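Residue-level structural notes
Listed here are the chains, written in short residue letters.
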Amino acid sequence: MIKFDNITKSYRSGKVKIKALDDVSLAIKQGEFVLLNGPSGSGKTTFLNITGCLTRITSGRIWLADREISHFPDHFLSAIRREKFGFIFQQFNLISGYTTWENVSIPLLPMGVSDKMRKKRAMNLLEELNLETRADFYANELSGGEQQRAAVARALINDPEIILADEPLSNIDSENAKTVIAVLEKLKTKGKTIIISFHDSQPLITKLIDRTVYFDSGRIS
Ligand SMILES: Nc1ncnc2c1ncn2[C@@H]1O[C@H](COP(=O)(O)OP(=O)(O)O)[C@@H](O)[C@H]1O
Ligand SMILES: [Mg+2]
C-alpha cells in the first residue's frame, strides 16, 4: 500500500545540515497497524509528516497504492492528503476561535460539503469519542484530553484509509487514552491502515500492533 525506497530527509539550519532520515526503506501493507518506536529526535515525526504528504523527501522514492508520488506537485499531494490520510498530531492543533464541531469538520470545508452534513458527520464522531456534550464549546474551553479526542474526530471526518498518529497519548491522562485506544481498535477492525509513533513503550496498545519499526538516528532496524 505504501512503499518507501531509500528515502532521506535533510534539514539545513544555517551551516548545519541535519539528516533526519537516512536511507529508510519500508513497505506497509493495507490494514497493517505499525508502531514507530525510538528515542526523541530519531526521525519518527519526520517519517509521519513525509508519509502524510506534509513534508517532501530530499531523496528516494515513495509509492502509494502503486503510484509513485515522490515527484507529484504540491497541489496533487494536498489532494491526496485530504482524501486518503487522517493525521493526529502530538499537539492537537485545534483552532481556538472555532467550536469543537467546527474544528472537527474543518477537513470537509475544501470538499464543498454542506453545513448541515458537516455538522451531522462531526456529531456522529463526537458521540463515538464521548464528546457530544462539548460540541458547541470553543476549542480553548476544552481540557487537554478533550482536545485530543476532538483532534482524533477531526482526523477521521474524511473517513481516511490511512491514519497517522504522532505520539497520540503523550499529553493526555489514562481515561482519555482509553477512549482513543478504543477508537484505534475499531479502526483496525474496519481494516484501516494505522501508523502510530511513540518514544516509549505503550503496553495498552501492544495487542493492536502488527509490527514495530525501530528508529535510531534517522535509520530503521
Ligand atoms: N523543521 C526542522 N528543521 C530542522 N531540523 C529538524 C526539523 N524537524 C526535525 N528536525 C530534526 O530532525 C531530527 C528528527 O526529528 P523528529 O523527526 O522530530 O524526531 P522524533 O519525532 O523521533 O523525535 C532531529 O534531530 C530534529 O532536531
Ligand atoms: Mg516526534
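In what follows, the structure referred to is the one given above.
Bear in mind that the values here come from a model prediction, so they are computed numbers and not experimental data.

Okay, the nonpolar core next. In globular proteins that are soluble, nonpolar side chains generally tend to be buried together. L169, L184, I196 and I205 are the most contacted members of the largest nonpolar core, which has 38 residues in total. Elements with a minimum of two residues in this core: strand 3 (33-37), helix 3 (100-105), helix 4 (115-128), helix 5 (144-156), strand 7 (162-166), helix 6 (174-189) and strand 8 (193-198). Here L169 is in contact with A177, V180, I181, F198, Q202 and I205, once residues within four sequence places are set aside. Counting 27 residues, the second largest nonpolar core, distinct from the first, contains I2, I7, F87 and V213.

Right, let's get into the site of ligand 1. Taken together, Y11, I18, A20, P39, S40, G41, S42, G43, K44, T45 and T46 make up the full set of residues adjacent to ligand 1. Backbone polar atom of G43 to an oxygen atom of ligand 1: 3.0 Å apart, as the coordinates give it. The side chain of T45 places a nitrogen or oxygen atom 2.8 Å from an oxygen atom of ligand 1. Look at ligand 1: alone it shows 570 Å² of surface, and the protein chains cover 63% of it. Of all the elements in the fold, those that place two or more residues in the shell around ligand 1 are strand 2 (16-28) and helix 1 (44-51). At three residues, the largest contribution of residues to the shell around ligand 1 is made by helix 1. For the shell around ligand 1, the residue count by class is four nonpolar, six polar and one charged.

What follows deals with the sheet that holds strand 10 (residues 219-220). What the six strands build is an open sheet, ordered 6-7-8-3-9-10; its pairing is mixed. Both edges of this open sheet fall to strand 6 (85-88) and strand 10, since each of them pairs with a single strand only. For strand 9 (residues 211-216) and strand 10, the ladder comprises two bridges, and the chain directions are antiparallel. Residue pairing for strand 10: F215 is matched across the bridge by I220. Along the sheet, helix 5 makes contact with strand 6 and strand 7, crossing strand 6 at roughly 170°.

Successive side chains on a regular strand alternate, one facing one side of the sheet and the next facing the other. The sheet contact formed by strand 1 (residues 2-13) and strand 2 spans nine bridges and is antiparallel. Bridge pairing links R12 to K17 in strand 2.

This part covers helix 6. Compared with the 22 Å implied by 1.5 Å per residue over 16 residues, the 22 Å span of helix 6 between its first and last C-alpha is a close match. Of all the positions in helix 6, only N176, A177, T179, V180, I181, V183, L184 and L187 are classed as buried. As for helix 6, its buried residues are in contact with strand 3, helix 4, helix 5, strand 7 and strand 8. Between the side-chain oxygen at the start of helix 6 and the backbone nitrogen of E175 there is a gap of 3.2 Å, and the oxygen is on D173.

Our next topic: helix 4. Taking 1.5 Å as the rise per residue, helix 4 with 14 residues should run 20 Å; its terminal C-alpha atoms sit 20 Å apart, in good agreement. On its buried face, helix 4 sits against helix 3 and helix 5. Positioned one or two residues after helix 4, N130 has a phi angle of 50°, which is positive.

Its location among the elements puts K190 in the loop between helix 6 and strand 8. Taking C-alpha positions, K190 is 9.8 Å from E161, a pair spaced 29 residues apart along the chain.

Calculation notes
The numbers attached to residues start from 1 for each chain and follow its sequence in the written order. All chains are assigned letters beginning with A, and all ligands numbers beginning with 1, in the order in which they are written. Under the rules for a predicted model, residues below a pLDDT of 70 receive no local features and side-chain atom pairs below 80 are neither given nor counted, while totals for whole chains, interfaces and linings still include all residues. By convention in this description, side-chain values take in all heavy atoms of the structure and omit both hydrogens and water. Here, nonpolar core means buried Ala, Val, Leu, Ile, Met, Phe, Trp, Tyr and Cys residues that are tied together by side-chain atoms lying within 4.5 Å of each other. Exposure classes here rest on a 1.4 Å probe applied to the protein chains alone. A residue is buried below 20% of its type maximum, exposed above 50%, and partly exposed in between. Put simply, DSSP H or I for four residues or longer makes a helix, DSSP E for two residues or longer makes a strand, and each gets a number counted from the N terminus. By the convention used here, residues are in contact when the closest approach between their heavy atoms is within 4.5 Å. For this description, a residue counts as near a given molecule or strand if any of its non-hydrogen atoms is within 4 Å of it. Distance and chemistry together define a polar contact, namely a pair of N or O atoms within 3.5 Å, with one atom able to donate a hydrogen and the other to accept it when in protein, and with adjacent residues in sequence counting only for side-chain atoms on both sides. Only the protein chains shown count as covering a residue, and every accessible area follows the Shrake-Rupley method with a 1.4 Å probe. Residues are grouped as follows: Ala, Val, Leu, Ile, Met, Phe, Trp, Tyr, Cys and Pro are nonpolar; Asp, Glu, Lys and Arg are charged; all remaining types, including Gly, are polar. Only strands that DSSP links by at least two bridges are regarded as paired with each other. Angles shown run from 0 to 180 degrees and are taken between the N-to-C directions of axes, each axis being a line fitted to C-alpha atoms and, for helices, limited to the stretch in contact. Between the first and last residue of a helix there are one fewer steps than residues, each counted as 1.5 Å, and that sum is the expected span.

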